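# Remarks on the overall topology
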Amino acid sequence: MIEKLIITPFQKFVKIESLGGILLFGATLLAIIWANSPFGYLYESLWQYKVGFTSPHFELAKPLILWINDGLMAVFFFLIGLEIKRELLIGELNSVRKATFPFLAALGGMIIPMALFFVFNGNPDTVDGWGIPMATDIAFSLAILQLLSKRVPVSLKVFLIAFAIVDDLGAVLVIAIFYSAQIKWMLLLYALLLLAVLFYLSYKQIYSKYFVLILGIVIWLLFLKSGVHPTIAGVLIAFTIPIRQKIDIQTYTSELCVMVDNIKDVSAQKKPILTTEQIEEIDNLEDWTSKVQSPLQHLEHQLHNWVAYLIMPLFALSNAGVVFSSEMSLDMALVGSIAGSLVLGKFIGISLASWLGIKLKLAELPEGVDFTGIIGVALLAGVGFTMSIFIANLAYVAHPVYVDSAKIGILIGSVFAGFAGYFVLRMKRK
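None of the values given here were measured: they were computed from a predicted structure.

Along its length, the protein chain carries 16 helices and two strands. The C-alpha atoms of the protein chain give 24 Å as radius of gyration, which agrees with the globular expectation for 430 residues (22 Å, within 12%). Counting only C-alpha atoms, the protein chain reaches 80 × 65 × 45 Å along its principal axes. Buried residues in the protein chain amount to 49% of all 430 residues. Restricting to contacts in the protein chain with at least 6 residues of sequence separation, those with at least 24 account for 82%.

Below, the structure is given as structure tokens:
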């Protein structure tokens with residue numbers, strides 16, 4: 001029973017992420033085909049179409065692609081923040097023993113790709129892209145793992161998710177510190193004061209999703225205007241969402257039994273509509289259900305499908321459309337640097353850090369996992385699509401040629417890493 005309670009939600013999570021990876025792949029393919037078709041001009045004009053409003057004292061008008069990258073992706077980062085908080089408090093990162101192995105793997109998977117990029121990159125103009133190969137795309141990676149079915153133990157998937165969450169946290173910090181524009185400190189101070197209000201309310205166990213939504217929009221807008229990338233606001237707001245339930249599950253189930261008995265007592269009339277007593281009991285049920293749900297878990301559950309099935313594919317569709325032509329200008333050195341840093345950096349970094357952690361007895365392999373599995377996952381971690389493209393847009397915002405070159409490098413590296421990781425894990429015995 002306990003195993004079912006743990007494994008079933010995890011399997012649902014993996015299923016959502018895997019299907020999300022397939023949609024990401026489809027959206028990427030569609031973007032490339034569309035951008036290089038006779039209707040490619042529509043692709044470009046659609047995403048550059050300005051949406052918003054202006055007034056004498058305030059302006060909020062941006063191209064559609066920026067509404068996606070700055071707005072919808074803030075929801076994506078909000079979900080990442082919820083996942084990070086959950087894992088830190090009650091998940092795979094809530095103790096030193098649990099967190100050590102994925103933390104070491106993630107640390108190696110961030111430092112080595114960054115170091116290799118500096119080694120491979122010989123152009124001072126493209127050095128700002130050092131953060132691109134640091135990120136792992138968990139949706140794509142899990143989708144590939146799902147293709148292997150029972151050849152991959154659940155513990156290996158848990159390891160992938162755990163170090164990918166640490167990896168996401170590292171990417172968030174990198175974006176916040178190194179890829180934000182010139183900061184307007186007063187606007188940022190106002191945003192932080194509003195965040196402090198949310199943290200205080202969370203501490204006092206006072207929570208209203210509508211209040212958080214309204215204040216969250218204001219905080220996002222202040223971050224946007226302050227120069228700090230607004231997606232960081234999504235992560236910080238997520239950390240203000242309480243994880244505790246207002247009532248425990250024992251109290252809820254006891255009350256539920258009483259309500260069910262009350263509904264049965266008045267249901268003998270067999271009318272096609274509910275009685276007043278039944279309506280009251282159903283209202284009570286909704287009230288008690290809202291109390292037993294963790295606000296953080298409820299939001300995470302509500303948002304997961306929207307992010308996996310809409311926001312991330314839409315991001316891929318709007319950002320992956322690189323035009324290939326004989327006249328296109330690419331920095332091939334940058335393409336090679338990013339592709340090599342992604343594949344080799346993740347492979348060497350995760351494998352080496354994991355091996356050192358085991359040899360130095362700082363960590364131990366998850367149950368049912370051997371080192372061949374770690375090597376396979378280390379290769380899969382080179383699939384760095386979503387976050388890597390996001391960072392590329394920030395790093396080379398004023399240089400379209402570098403952006404396109406980075407995207408090509410990310411695509412090449414991700415495809416190679418995906419195939420390599422798949423075949424290494426496929427060679428493992430059942």
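With that settled, consider the confidence of the model for the protein chain. Across the protein chain, pLDDT averages 84, with 91% of residues at or above 70. Confidence, expressed as mean pLDDT per element, reaches its minimum in the protein chain at helix 1 (residues 2-35) with 69 and its maximum at helix 13 (residues 332-359) with 94. Under a pLDDT of 50 for its full length, residues 1-8 has, in the predicted model, three contacts with residues more than four places off or in other chains.

On to unusual backbone geometry. Of note, the phi angle at Gln 205 is positive, near 60°, even though the residue is not glycine. Topologically, Gln 205 is positioned in the loop between helix 7 (185-203) and helix 8 (209-226). One non-glycine residue with positive phi stands out, namely Lys 361, at about 60°. Along the chain, the position of Lys 361 falls in the loop between helix 13 and helix 14 (371-380).

Looking now at the pairing of strand 2 (residues 59-63). The side chains of a regular strand alternate between both faces of the sheet. Bridge count for strand 1 (residues 50-54) against strand 2 is five bridges, and the pairing is antiparallel. Directly across from Phe 53, in strand 2, lies its bridge partner Leu 60. Hairpin geometry of strand 1 and strand 2 is characterised by an intervening segment of four residues between the two adjacent antiparallel strands.

Here the focus is a nonpolar patch on the surface. Among the surface-exposed residues, Val 119, Phe 120, Leu 344, Ile 348, Leu 352, Trp 355, Leu 356, Leu 360 and Leu 362 lie close enough to one another that they form a single nonpolar patch of about 840 Å² accessible area. Only helix 4 (96-120) and helix 13 provide two or more residues apiece to the nonpolar patch. Mapping Leu 362 onto the fold places it in the loop between helix 13 and helix 14. The exposed category is assigned to Leu 362, whose relative accessible area is 51%.

The subject of this paragraph is the nonpolar core. Among the nonpolar cores identified, the biggest contains 104 residues, and Phe 76, Phe 77, Leu 82, Phe 163, Phe 223, Met 387 and Tyr 396 are the most heavily contacted of them. Broken down by element, this core gets its largest block of residues, 13 residues, from helix 6 (residues 154-178).

Further remarks concern the packing of helix 13 against helix 14. The interhelical angle for the contact between helix 13 and helix 14, taken along N-to-C directions, is 150°, at an axis separation of 7 Å. With respect to helix 14, the axis of helix 13 lies roughly antiparallel. When you trace helix 13 past helix 14, the crossing you get is right-handed. Facing helix 13, whose interface residues are Lys 346, Phe 347, Ile 350, Ser 351, Ser 354, Trp 355 and Ile 358, helix 14 presents Phe 371, Ile 374, Ile 375, Ala 378 and Leu 379. In terms of residue class, the contact of helix 13 with helix 14 is made up of nine nonpolar, two polar and one charged.

Another point: the packing of aromatic side chains. The final tally for this structure, using the stated rule, is 14 aromatic pairs. With a centroid separation of 6.3 Å and 25° between ring planes, the pair formed by Trp 67 and Trp 220 is classed as stacked. Linking Trp 67 in helix 3 (residues 64-90) with Trp 220 in helix 8, this pair joins segments that are 153 residues apart in sequence. Seen in terms of ring centroids, Phe 117 and Phe 118 are 6.4 Å apart; in terms of plane orientation they differ by 75°. Their pairing is edge-to-face. Judged by relative accessible area, which is 0%, Phe 117 ranks as buried. An aromatic cluster is present here, built from Phe 76, Phe 77, Phe 315 and Phe 390 joined pairwise through their rings.

Along the chain, Thr 136 turns up in the loop between helix 4 and helix 5 (138-147). A distance of 3.3 Å separates polar atoms of two side chains, one belonging to Thr 136 and the other to Lys 346. One polar contact links the side chain of Thr 136 to the main-chain carbonyl oxygen of Ala 381, over a distance of 3.0 Å. Excluding residues that lie within four positions of it along the chain, Thr 136 makes contacts with Ser 141, Phe 163, Asp 167, Asp 168, Lys 346, Ala 381, Val 383 and Gly 384.

Rules used throughout
- Residues numbered from 1 in each chain as written.
- Predicted model: local features only at pLDDT ≥ 70, side-chain atom pairs only at ≥ 80, totals over all residues.
- Heavy atoms only, no water.
- Helix = DSSP H or I, 4+ residues; strand = E, 2+ residues; numbered from the N terminus.
- Rg over C-alpha atoms; globule rule 2.2 N^0.38 Å.
- Buried < 20%, exposed > 50% of the residue type's maximum accessible area, 1.4 Å probe, protein only.
- Contact = heavy atoms within 4.5 Å.
- pLDDT = per-residue confidence, 0-100.
- Pairing = 2+ DSSP bridges.
- Patch = residues over 30% accessible without salt bridge, like charges linked within 9 Å, V, L, I, M, F, W, Y side chains within 5 Å.
- Areas by Shrake-Rupley, 256 points an atom, 1.4 Å probe, with all protein chains shown as cover.
- Salt bridge = Lys/Arg side-chain N within 4 Å of Asp/Glu carboxyl O.
- Core = buried A, V, L, I, M, F, W, Y, C linked by side-chain atoms within 4.5 Å.
- Axes fitted to C-alpha atoms, helices over the stretch in contact; angles between N-to-C directions.
- Parallel < 35°, antiparallel > 145°, perpendicular 65-115°, else oblique.
- Left-handed = near helix turned anticlockwise from the far one by under 90°.
- Nonpolar A, V, L, I, M, F, W, Y, C, P; charged D, E, K, R; others polar.
- Phe/Tyr/Trp six-rings, centres within 6.5 Å; stacked < 30°, edge-to-face > 60°.
- Polar contact = N/O pair within 3.5 Å; in protein donor to acceptor, adjacent residues only side chain to side chain.

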